[in-house]
Amino acid sequence: DAKTTQPNSMESNEEEPVHLPCNHSTISGTDYIHWYRQLPSQGPEYVIHGLTSNVNNRMASLAIAEDRKSSTLILHRATLRDAAVYYCILTSGTYKYIFGTGTRLKVLA
Amino acid sequence: DTGVSQDPRHKITKRGQNVTFRCDPISEHNRLYWYRQTLGQGPEFLTYFQNEAQLEKSRLLSDRFSAERPKGSFSTLEIQRTEQGDSAMYLCASSLGDRSSGANVLTFGAGSRLTVL
């Protein structure tokens, strides 16, 4: 299973953009990059996913490096409700979504 | 549709007892997953169903664990002879997808928290 590396924790001020990095140097050509987040006492929640091109949705943007060995989840204006653990996951033609320990994002008021 | 439902949300049991958790996935979803999460760790994959077929079980799933998904609808996860090390959050997720796509999006339930005394 391809692995991802994320910082253990990050801090951001409220109303400012947040860039959450993820390294995945062993990514294969068929691996999708998924991001999920988990708020306290809840199950993980889907945020965004992509394959090669940058992606935008109502929650966030996903910037994927040209060589696909890294990606960045961008929250355009962090709010207190965005404080969560963010997981970067690689998936391919399998069903196995392997979660690491993620990045704990703290948003400061 | 109210999403993925899990029951019970919390279960406290004594060591040696059996427990069963139920998961009701989103109705049109053909895939169902069970994960386990301990404090400070990410979810760990336990098992996966495509419709009613259990296609893989993690090595984390000892003989004391069994999961079923009769008729490809709801699923149950039973733990026999519970041990203190089984204390964790048990998460269920479902998705709609085919075998070839890594783009399937998982929808998780809120989890069932097990405490074994």
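Everything discussed here concerns the structure shown above.
Residues numbered from 1 in each chain as written. Chains lettered and ligands numbered in written order. Predicted model: local features only at pLDDT ≥ 70, side-chain atom pairs only at ≥ 80, totals over all residues. Heavy atoms only, no water.

Here's the deal with the environment of A109 of chain A
Residue and element names in this part refer to chain A. Looking at where A109 falls in the secondary structure, it is placed in the segment after strand 9 (103-108). Residue A109 is classed as exposed on the basis of its relative accessible area of 87%. The sequence separation of A109 and L80 amounts to 29 residues, and the corresponding C-alpha distance is 7.1 Å. When near neighbours in sequence (up to four residues on either side) are disregarded, A109 contacts E14 and L80. (Helix = DSSP H or I, 4+ residues; strand = E, 2+ residues; numbered from the N terminus. Buried < 20%, exposed > 50% of the residue type's maximum accessible area, 1.4 Å probe, protein only. Contact = heavy atoms within 4.5 Å.)

Some thoughts on the interface of chain A and chain B
Each partner contributes residues to the interface: chain A has 21 residues there, and chain B has 24 residues. Counting across the interface, chain A meets chain B through five residue pairs in polar contact (both at pLDDT 80 or more). Looking at the side of chain A that touches chain B, the elements that each hand over two or more residues are strand 3 (32-38), strand 4 (45-50) and strand 8 (84-91) of chain A. A total of four residues in the side of chain A that touches chain B trace back to one element, the largest contributor, which is strand 3 of chain A. Residues of the side of chain A that touches chain B, tallied by class, amount to eight nonpolar, twelve polar and one charged. (Polar contact = N/O pair within 3.5 Å; in protein donor to acceptor, adjacent residues only side chain to side chain. Nonpolar A, V, L, I, M, F, W, Y, C, P; charged D, E, K, R; others polar.)

Topic: the packing of aromatic side chains
Taken as a whole and judged by the stated rule, the model has twelve aromatic pairs over all chains. With centroids separated by 5.9 Å and ring planes inclined at 80°, the aromatic side chains of F99 of chain A and F108 of chain B adopt a geometry described as edge-to-face. Placement of the pair is F99 of chain A in the loop between strand 8 and strand 9 and F108 of chain B in strand 10 (residues 107-108), with the two residues belonging to separate chains. Just as F99 of chain A is buried, F108 of chain B falls in that class too. Ring pairs connect the aromatic residues Y36, Y46, Y87 and F99 of chain A together with Y35, F45 and F108 of chain B, which therefore count as one cluster. (Phe/Tyr/Trp six-rings, centres within 6.5 Å; stacked < 30°, edge-to-face > 60°.)

Notes on the nonpolar core
L20, I33, W35, L73, L75, Y86 and L105 of chain A are the most contacted members of the largest nonpolar core, which totals 20 residues. For this core, the secondary-structure elements that each account for two or more residues are strand 2 (18-23), strand 3, strand 4, strand 6 (61-64), strand 7 (70-75), strand 8 and strand 9 of chain A. In terms of residues, this core owes the most to one element, strand 8 of chain A, which gives four residues. Residues within four places of L73 of chain A in sequence aside, it is in contact with V18, H19, L20, W35, V47, I48, A60, S61 and Y86 of chain A. In this structure, V19, F21, L46 and L114 of chain B belong to the second largest nonpolar core, which totals 19 residues. (Core = buried A, V, L, I, M, F, W, Y, C linked by side-chain atoms within 4.5 Å.)

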